[in-house]
Amino acid sequence: MTRTYDLTEKELKLAECGNIKFEYFFEETGYDNVDGDPALTCFTLEDALETTDFTKHQIAGLISSLEAKGVLYIEYRHPEEGPDLYYLTTGFINFIARKNIANGTGRYVFAREAN
């Protein structure tokens, strides 16, 4: 059975913050949809603050909810390594891809080149 996700509008908005664009998920291949570019499948707290109108406390609550629903997993990092990263799970990426396929939407995007 294929997993489905029931998200609120706010959860969907946060899951697509930063450089994440659901339209980039066009095949059920997880991270390969964006050539494995993590910038297109994860965000930081700063990304969320810059690209949504949510407060820090709202974001924390939404992240907790999305993690509990299996939409996100968190890479906790030492402050010297940079901020924590919030990744979309492969299952959620594939769920969005199935919706895009059914709707005839979604498009390929080349991963950004490293500078």
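Everything below is about the structure printed above this text.
Residues numbered from 1 in each chain as written. Predicted model: local features only at pLDDT ≥ 70, side-chain atom pairs only at ≥ 80, totals over all residues. Heavy atoms only, no water.

A. The environment of T4, seen in detail. You can see T4 is positioned in the segment before α1 (9-15). Measuring from C-alpha to C-alpha, the distance between T4 and G91 comes to 9.0 Å, with 87 residues separating the pair along the chain. (Helix = DSSP H or I, 4+ residues; strand = E, 2+ residues; numbered from the N terminus.)

B. Focus on the packing of aromatic side chains. Under the definition given, this model contains seven aromatic pairs. Their ring planes at 70 degrees and their centres at 5.8 Å tell us that F22 and F92 sit as a pair that is edge-to-face. Note that F22 is positioned in the loop between α1 and β1 (42-43) and F92 in helix α4 (residues 90-103), a separation of 70 residues in sequence. F92 carries the same exposure label as F22, and that label is buried. Geometrically, the ring pair formed by F43 and Y86 is tilted, given 5.4 Å between the ring centres and 35 degrees between the ring planes. In this pair, F43 is assigned in strand β1 and Y86 in strand β3 (residues 85-88), connecting sequence segments 43 residues apart. Each member of the pair, F43 as well as Y86, carries the same accessibility label: buried. Site record: aromatic cluster; members linked through ring pairs are Y5, F22, F25, F92 and F95. (Phe/Tyr/Trp six-rings, centres within 6.5 Å; stacked < 30°, edge-to-face > 60°. Buried < 20%, exposed > 50% of the residue type's maximum accessible area, 1.4 Å probe, protein only.)

C. How the structure looks around the state of the cysteines. The final tally for this structure, using the stated rule, is zero disulfides. C17 takes part in no disulfide bond, and the closest cysteine sulfur, belonging to C42, lies 9.6 Å away. (Disulfide = S-S within 2.5 Å.)

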